[in-house]
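Overview (structure and organization)
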Amino acid sequence: MTISVELTLTPLQDDFEPAIIDLIKKLRESGLKVMENPLSTQVYGEYDQVMQVVTAHVKSSFELIDKGLLYMKIVKSDRSEYEPHF
């Protein structure tokens, strides 16, 4: 089963960029399809592989920050080719 996952990491500290950059770089190196925009990062692929990669890399990102939030949305389908029709 393919899924699409949208992640928004929000470290609650002044020096927030290193943890976000670290997470994005690790996701890019995973071999999964990864797309970014200014507000979030999307990861696409098979459920087990995506969830394994996300779980491991979110944990390592949390270890880089004192406090933070992670917003995650999961869609049961590969939405990487979505184009708005308006």
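Before any of the text, the structure's been laid out above.
Residues numbered from 1 in each chain as written. Predicted model: local features only at pLDDT ≥ 70, side-chain atom pairs only at ≥ 80, totals over all residues. Heavy atoms only, no water.

With antiparallel pairing, the four strands of this open sheet are ordered in space as β2-β3-β1-β4. The open sheet has two edge strands with one neighbour each: β2 (33-36) and β4 (68-75). Taking the axes of each pair of neighbouring strands and ignoring which way they run, one obtains an average angle of 20° across the sheet. Of the strand pairs in this sheet, strand β1 (residues 2-11) and β4 are connected by eight bridges, and their pairing is antiparallel. Bridge pairing in β4 places P11 opposite G68. Most of the contacts of helix α1 (residues 17-28) go to β1, to which it runs at about 160°, and overall it touches β1, β2 and β3 (41-46). Helix-sheet contacts for helix α2 (residues 47-62) involve β1, β3 and β4, and the interaxial angle to β3 is about 145°. (Pairing = 2+ DSSP bridges. Helix = DSSP H or I, 4+ residues; strand = E, 2+ residues; numbered from the N terminus. Axes fitted to C-alpha atoms, helices over the stretch in contact; angles between N-to-C directions. Contact = heavy atoms within 4.5 Å.)

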